[in-house]
Amino acid sequence: MMAMTYVYILQSLVDPERHYAGVTADLRSRLRKHNAGEVLHTSKYAPWTIKTYLAFQEKKRALAFEKYLKSGSGRAFAKKRL
């Protein structure tokens, strides 16, 4: 079985308009870290829930998609489509 890399979008339960995009090989563990306040960029708006995630076989493609989601057009795409 091939290892997958996940690109995910979180939604804050405190402020539902607040989202965060990230990439990981272990989605459950990463969500626990976000909710435990271990991630500086998301600790202020915890707890979080997973809104969307996509699995990639190639880590390079996952990283490129995460970078796109963090761009202006990527944020607009995610808001409208994901």
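Below or above, wherever it landed, is the structure these notes cover. Since we're looking at a predicted model, the values are computed, not measured.

The rules behind each value
Residues numbered from 1 in each chain as written. Predicted model: local features only at pLDDT ≥ 70, side-chain atom pairs only at ≥ 80, totals over all residues. Heavy atoms only, no water. Phe/Tyr/Trp six-rings, centres within 6.5 Å; stacked < 30°, edge-to-face > 60°. Helix = DSSP H or I, 4+ residues; strand = E, 2+ residues; numbered from the N terminus. Buried < 20%, exposed > 50% of the residue type's maximum accessible area, 1.4 Å probe, protein only. Lys NZ or Arg CZ within 6 Å of the ring centre and 35° of its normal. Pairing = 2+ DSSP bridges. Axes fitted to C-alpha atoms, helices over the stretch in contact; angles between N-to-C directions. Contact = heavy atoms within 4.5 Å.

## A look at the packing of aromatic side chains
Summed over all chains, the structure comprises five aromatic pairs. Between Tyr 6 and Tyr 53, the ring centres sit 6.0 Å apart and the planes meet at 70°, which makes this aromatic pair edge-to-face. Of this pair, Tyr 6 sits in strand β1 (residues 5-12) while Tyr 53 sits in strand β3 (residues 48-56), placing them 47 residues apart in sequence. Geometrically, the ring pair formed by Phe 65 and Tyr 68 is tilted, given 6.1 Å between the ring centres and 35° between the ring planes. Here the residue Phe 65 and the residue Tyr 68 both occupy positions in helix α2 (residues 59-69), the gap between them amounting to three residues, near one helical turn. Looking at Phe 65, the relative accessible area reads 18%, which means it is buried. One aromatic cluster is present, built from ring pairs that chain together Phe 56, Phe 65, Tyr 68 and Phe 77. One cation-aromatic arrangement involves Arg 18 over Tyr 45; the distance from NZ or CZ to the ring centre is 4.2 Å.

## Points about the sheet that holds β1
Strand order across the open sheet formed by three strands is β2-β1-β3, with antiparallel pairing between neighbours. The sheet is open, and its two borders are formed by β2 (19-24) and β3, each paired with just one other strand. The sheet shows a mean angle of 20° between the axes of neighbouring strands, taken without regard to direction. Taken together, the eight bridges between β1 and β3 define a ladder with antiparallel strand orientation. Within the sheet, the bridge partner assigned to Ser 12 lies in β3 and is Trp 48. The strands touched by α2 within the sheet are β1, β2 and β3, with β1 carrying the most contacts at an inclination of about 25°.

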